[in-house]
Amino acid sequence: MPAVSKGDGMRGLAVFISDIRNCKSKEAEIKRINKELANIRSKFKGDKALDGYSKKKYVCKLLFIFLLGHDIDFGHMEAVNLLSSNKYTEKQIGYLFISVLVNSNSELIRLINNAIKNDLSSRNPTFMCLALHCIANVGSREMAEAFASEIPRILVAGDTMDSVKQSAALCLLRLYKTSPDLVLMGEWTSRVVHLLNDQHMGVVTAAISLITCLSQKNPDEFKTCVSLAVSRLSRIVSSASTDLQDYTYYFVPAPWLSCKLLRLLQCYPPPEDGAVKGRLVECLETILNKAQEPPKSKKVQHSNAKNAILFEAISLIIHYDSEPNLLVRACNQLGQFLQHRETNLRYLALESMCTLASSEFSHEAVKTHIETVINALKTERDVSVRQRAADLLYAMCDRSNAKQIVAEMLSYLETADYSIREEMVLKVAILAEKYAVDYSWYVDTILNLIRIAGDYVSEEVWYRVIQIVINRDDVQGYAAKTVFEALQAPACHENMVKVGGYILGEFGNLIAGDPRSSPLVQFNLLHSKFHLCSVPTRALLLSAYIKFINLFPETKATIQEVLRCDSQIRNSDVELQQRAVEYLKLSSIASTDVLATVLEEMPPFPERESSILAKLKKKKGPGTVSVTDLEDSKREGGELNGGGERGPDTAAMASSNASTPSPSADLLGIRSAAPVGAAPASAGSLLVDVFSEAGPAAPSAAVNDDGFLSSAPPSEDPAPPLPEADELLNKFVCKNNGVLFENQLLQIGIKSEYRQNLGRMYLFYGNKTSVQFASFTTTPQLNVQTKPVEPLVEGGAQIQQVLNIECLTDFSDAPLLNIKFRYGGALQNLTLKLPVTINKFFQPTEMTSHDFFQRWKQLSQPQQEAQKIFKANHGMDTEVLKAKLLGLGSALLDDVDPNPENYVCAGVIQTKGQQVGCLLRLEPNSQAQMYRLTLRCSKDSVSKRLCELLAEQF
Amino acid sequence: MRFMLLFSRQGKLRLQKWYTATAERDKKKMVRELMQIVLARKPKMCSFLEWRDLKIVYKRYASLYFCCAIEEQDNELITLEVIHRFVELLDKYFGSVCELDIIFNFEKAYFILDEFLMGGEIQDTSKKSVLKAIEQADLLQEVTTNPPPLPWRVGVSVLFLYKVITQIEQIYDIWLEF
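Residues numbered from 1 in each chain as written. Chains lettered and ligands numbered in written order. Predicted model: local features only at pLDDT ≥ 70, side-chain atom pairs only at ≥ 80, totals over all residues. Heavy atoms only, no water.

**Remarks on a nonpolar patch on the surface**
What counts, and what does not: Excluding any residue in a salt bridge, patches collect residues exceeding 30% relative accessible area, merging like charges within 9 Å and nonpolar Val, Leu, Ile, Met, Phe, Trp and Tyr side chains within 5 Å. Accessibility throughout is a Shrake-Rupley quantity obtained with a 1.4 Å probe, and a residue counts as covered only by protein chains that appear here. Think of a salt bridge as a Lys or Arg side-chain nitrogen and an Asp or Glu carboxyl oxygen that are within 4 Å of each other. A run of DSSP states H or I qualifies as a helix once it reaches four residues; a run of E qualifies as a strand once it reaches two. Both are numbered from the N-terminal end.
Nonpolar side chains collect at one region of the surface, where Phe160(B), Val164(B) and Ile168(B) lie side by side and expose about 290 Å² of accessible area between them. Considering the arrangement of structural elements, one finds Ile168(B) in helix H6 (residues 158-177).

See the structure below:
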């Protein structure tokens, strides 16, 4: 059928394409394209009406230019004109252009929809198909709104042609995927299920995709499809290879339909009806049997089609997970594929076996292939296949083979591709922890990990080893000895220094008896690495040093010497400088008892889910079988770290001093030692403790102990909050840094950071005048233990105050901050609202559209929802809106809302007592310049408060 | 299926079909990234790879690479045969299709793909049914006064070349087994 030669060749188009192909350079191409664009534009604008053929030709050229990767900003109108042509080819080109280049120009969409409507009602099947294709290709919400009710009718009408039915089914599927809320179930649904019985195989093939998707979402309504699917499958499986004529593909009867039927059945549990189930098991057995028959053709198409069905059948068997006989047969079949000549089959076999490994019926059968899989890990030439082999080893690992598998994975790591190293490291770390019988093996494995692939050892991994060592006193001595030895290596990875520093700081005393690892030797060893390390590691080492002073008083002089030297105490990094200064001070003024209390050994970490597991989950996304499996077996066995309840980031919190400059006191336990909570909470929910005086970063002066005692605070009552306090507060809902307040005298700047339910706020008070402020006091009206700021602020100087904040429960009122000082003779007294709002304690949560709407539905009680419709106060610029929503602290989710104009966010508000899940939806209406804001939270007061706060932001 | 790409050995994109709404900028980025990955792979490597949260299935026919992105639960092998069936359809329609046919008649290639796949799902697997739709369209079209000469019909048939290469490989494999 040499259709082209007889066809509608557009000579001008061919010439243009030739020209472009002959262009020697990118510049020449662009020049030629610009010339053509100018030509087309003038033709479209010209007075002479273009005939259909020319219009088609030019639109086609524009399309070609667009597909080359250039922008096209005109021609849409002409394309829409083509849509309404009666000539098929013109209509076809018009539709193609619209499908490829549609934008959300509402004017245009209305015209397009009109043309589509006409074609749908034309009763001309080719026109109807074109229109349906266009709807499916564009698939926008506007299209769904216009046609979602019409298409089901076309689909089930008795007189619809088969080809139109096929298009209608898939068109409806597309609309259902983009706007499920607009496709309403109804009388047509039962008739759609019966399309499974249709005589036309093409109709069944198209319809089954729709039915599968609908069944996933509404399993009950479509239950009847199970028996229909089974009987259809059984007819196909038992048919001879020639029965289905054109639907037989390389001697395999209807492979696509078979796969889809098997996929549909995976939406349901095994059939309850014995007869149906018997028939299905028969089908599955036949498929497994056929795999053993000699091939009917040598062509790869034959074997691919046949094996596609086989793999889909195995997926169904695994999904049912109830037929031990079939599971073992499946496993054996996959075992054969593991050594197949075709790389594709080896890859898929490894992948499927991974899921088989999690079934109790086939776990043992999978394990028998361990040698083959290890071999694959070593010898496969293709990294993606090796990756599958590594996954399978991970999945088949249990107590009996853990040592072998971990050793193999470790040795593979040395040569593994960079792209998969981090994941491999996580897996090794998890297996080592999960199946550790003796913890010295665990410690060895992790240290080996750091040695081999230090760059890929994420924080979670080394946090975890520290958690475990701290929680288990039987391994502490061994760990100290091993890290000490590991640190002897002339070049060791920074992560090793971190682990070493932490462990020796805690447990160095356990090996100090040996003169080869005496306290000073340990210290010198650690300090020899100091200069090669990054700031966070140095900070950690400084903490280790102060712990040494407590553990080994004999090292005090040496360490103080180190802390006192300029490179520490005047380090340009604030965090390091602060630590050096504070630790030096602490070691010189505190008594041994105080020191011992403050620097006590870390208490055991609460037993929670491994942070590494959480990380791997994040990497892999939820629902990965191997991970769930791990969790399950953990719950059953209660192996290493018991309970499976979710508690993310134990380690991240505990050692946050190493990774971020936030609360530096954690490691040392100062937080708990600091006397907080003396006064009953006034705002009730926030605990702000101000225990650091004007920090070392304040340029004014060195720390001055006298400041603690001088000048009694003025006795006047704090002023009522400024009238503009609320407005000032609102500026900070979506940002953390900036100028909070400014008048002629004083400027107050704020920098703040939040993490979980904790926050730290730096307040900078700047004297704008040239005169000294006297009796300067600042009083946060809260449950605080305050050390006043410097009472004197020199003209032009700035002082700094740090507030540490903990959110105990959710709250509505922002804490107040009262500031008093004397300027000249007059007392200044002002009260502001501290910009601490509940959204600061947001942890962003990424989720898929499906999860989002599921949770949205779960939060459906009326009081959980807060909604506001309000006029836009600022421009409705997308980027600005996005930036604000991101600043809010929750995750801004893409591709969740079917309407791309809308914004949805999700996050968890962390308070000390509980976590509050929050979902947000913001629907802008740019025509009306209005917004509708909806919040749903697991706690109603939070919905209400967030809604109030946010309504002021847009 | 999320999208299908067709590009040449030289990294020129010949056809792209997206089944979910994607911003132009993202499309370009994804195409560039994927072409780089796929073109760097050696023959005999497996036809599947994981990429972002998708599975990529690709196959080479002479100078052309056909590349599909499918979702987690989709079947890789049957996707390979989707590609093959599409090549067969092109071949049947153009009569020994070559890369130049797809360049110069890109709109036809899109029409054929649309008849075969819709919204990323198979509409019909029968070659006859799919081509019947296109054929009808060709019959409906008006005859132009002077059909253009077709200088580009000298390209190499991709399906033919694919078949020859596969046969040579098979013979080579048999020879290896001896």
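From this point on, the discussion continues.
**Brief notes about the pattern of salt bridges**
The following threshold applies: Each residue is assigned to one of three classes by its accessible area relative to the maximum for its type, calculated with a 1.4 Å probe on protein chains only: buried under 20%, partly exposed between the two thresholds, exposed over 50%.
The tally for this structure, following the rule as stated, stands at 48 salt bridges over all chains. When the shortest N-O distance is used, the salt bridge between Glu29(A) and Lys26(A) registers 3.6 Å. Of this pair, Glu29(A) and Lys26(A) both sit in helix H3 (residues 26-45), separated by three residues, roughly a single helical turn. The closest approach of N and O atoms between Arg32(A) and Glu36(A), which form a salt bridge, is 2.9 Å. Of the two residues, Arg32(A) and Glu36(A) are both situated in helix H3; the distance of four residues between them amounts to about one turn of the helix. Pair check on accessibility: Arg32(A) and Glu36(A) agree, each one buried. In this structure, a network of salt bridges that share partners links the residues Arg388(A), Asp391(A), Glu423(A), Lys427(A) and Glu50(B).

**Points about the sheet that holds strand E4 (residues 54-61) of chain B**
To be explicit about the condition: Two strands qualify as a pair provided DSSP detects at least 2 bridges between them. Axes here refer to lines fitted to C-alpha atoms; in helices the fit is confined to the stretch in contact. Angles between the N-to-C directions go from 0 to 180 degrees. Contacts: residue pairs with any heavy atoms within 4.5 Å of one another.
Read from one edge of the open sheet, five strands run E2-E1-E5-E4-E3 (chain B), paired in antiparallel fashion. The open sheet terminates on both sides in strands that have one partner only, identified here as strand E2 (13-18) and strand E3 (48-51) of chain B. Going from strand to strand, the sheet's axes swing by 20° on average, the running direction of each strand aside. Here E4(B) pairs with strand E5 (residues 64-70) of chain B via seven bridges, running antiparallel. When the sheet's bridge partners are listed, Lys55(B) is paired in E5(B) with Ile70(B). Across the face of the sheet, helix H19 (residues 343-356) of chain A comes into contact with E3 and E4 of chain B while running at roughly 50° to E3(B).

**Regarding the packing of helix H25 (residues 439-453) of chain A against helix H26 (residues 459-471) of chain A**
Residue and element names in this part refer to chain A. Put simply, the test is: Oblique is the label for every angle not falling under 35 degrees (roughly parallel), over 145 degrees (roughly antiparallel), or within 65 to 115 degrees (roughly perpendicular). Take the far helix as your reference; a near helix turned counterclockwise from it by less than a right angle gives a left-handed crossing, and one turned clockwise gives a right-handed crossing.
The interhelical angle for the contact between H25 and H26, taken along N-to-C directions, is 155°, at an axis separation of 11 Å. On the basis of the axis angle, H25 is roughly antiparallel to H26. You can see that H25 and H26 cross each other, and the crossing is left-handed. Judged by residue contacts, Tyr439, Tyr442, Val443 and Ile446 of H25 engage Val461, Arg464, Val465, Ile468 and Val469 from H26.

**Details of the confidence of the model for chain A**
Residue and element names in this part refer to chain A. So the rule is basically this: Every residue is assigned a pLDDT by the predictor, reflecting its confidence on a scale from 0 to 100.
Per-residue confidence for chain A gives a mean pLDDT of 81; residues scoring 70 or more make up 86%. With pLDDT under 50 throughout, residues 1-7 is counted as low confidence; its partners more than four residues away or in other chains account for 15 contacts. Every residue in residues 621-715 scores below 50 in pLDDT, and together they form 183 contacts with partners more than four places removed in sequence or on other chains.

**Considering the packing of aromatic side chains**
All names here are of chain A. Basically, it comes down to this: Note on aromatic pairs: the rings of Phe, Tyr and Trp (six-membered ring only in Trp) are paired at centre separations within 6.5 Å, and the planes decide the class, stacked below 30 degrees, edge-to-face beyond 60, tilted for the rest. Definition used: whenever NZ (Lys) or CZ (Arg) falls within 6 Å of the ring centre and also within 35 degrees of the ring normal, the charge is taken to sit over that ring.
Counted by the stated rule, this structure contains 30 aromatic pairs over all chains. Between phenylalanine 44 and tyrosine 58 the ring centres are 6.1 Å apart and the planes differ by 85°, which places this aromatic pair in the edge-to-face class. Residue phenylalanine 44 is located in helix H3, and its partner tyrosine 58 is located in helix H4 (residues 52-67); the two are separated by 14 residues in the primary sequence. The burial state of phenylalanine 44 is the same as that of tyrosine 58; both residues are buried. The ring of phenylalanine 127 has lysine 91 lying over it, and the distance from NZ or CZ to the ring centre is 4.6 Å. A cation over an aromatic ring shows up here: lysine 427 above the ring of tyrosine 394, its NZ or CZ 5.2 Å from the ring centre.

**Notes on the interface of chain A and chain B**
This is how the line gets drawn: Buried area counts how much accessible surface, traced with a 1.4 Å probe, disappears from two parts once they are put together, with both parts' losses summed. Here a polar contact is recorded for every N or O atom pair within 3.5 Å, except that within protein the pair must consist of a potential hydrogen donor and a potential acceptor, and residues adjacent in sequence are included only if both atoms are side-chain atoms. Think of it as three bins: nonpolar holds Ala, Val, Leu, Ile, Met, Phe, Trp, Tyr, Cys and Pro, charged holds Asp, Glu, Lys and Arg, and polar takes everything else, Gly as well.
Counting residues at the interface gives 80 residues for chain A and 72 residues for chain B. Buried area between chain A and chain B, summed over both chains or domains, comes out near 6600 Å², and the portion from carbon and sulfur atoms is 57%. Put simply, chain A and chain B have four salt bridges between them. Between Lys177(A) and Glu121(B) there is a salt bridge, and its shortest N-O distance comes to 3.8 Å. On the surface where chain A and chain B come into contact, there are 30 residue pairs in polar contact (both at pLDDT 80 or more). For the side of chain A that touches chain B, the residue count by class is 37 nonpolar, 23 polar and 20 charged.

**Side note on the side chain of Ser179(A)**
Looking at the element boundaries, Ser179(A) is found in the loop between helix H11 (162-178) and helix H12 (187-193). When sequence neighbours within four positions are dropped, the list of residues in contact with Ser179(A) reads Arg141(A), Ala144(A) and Pro898(A).

**Points about unusual backbone geometry**
Phi at Phe251(A) takes a positive value of approximately 70°, unusual for a residue other than glycine. You can see Phe251(A) is positioned in the loop between strand E1 (248-249) and strand E2 (252-253). Judged by relative accessible area, Phe251(A) falls into the partly exposed class, the value being 42%. Positioned with a positive phi, Ala62(B) is a non-glycine residue whose angle comes to about 50°. Within the secondary structure, Ala62(B) is located in the loop between E4 and E5.

**Comments concerning helix H6 (residues 88-101) of chain A**
Selection rule: A helix is expected to span 1.5 Å multiplied by its residue count minus one.
With 14 residues, H6(A) extends 20 Å from end C-alpha to end C-alpha; this agrees with the ideal 20 Å at 1.5 Å per step. Within H6(A), 14 of the 14 residues are buried, which leaves it mostly tucked inside the rest of the structure.

**So, H26(A)**
Residue and element names in this part refer to chain A. Between the first and last C-alpha of H26 there are 18 Å, a value that for 13 residues agrees with the 18 Å anticipated at 1.5 Å per step. Taking burial as the measure, the 13 residues of H26 include 11 buried ones, the bulk of the element. Taken together, the buried positions of H26 are occupied by Glu460, Val461, Trp462, Tyr463, Arg464, Val465, Ile466, Gln467, Ile468, Val469 and Ile470.

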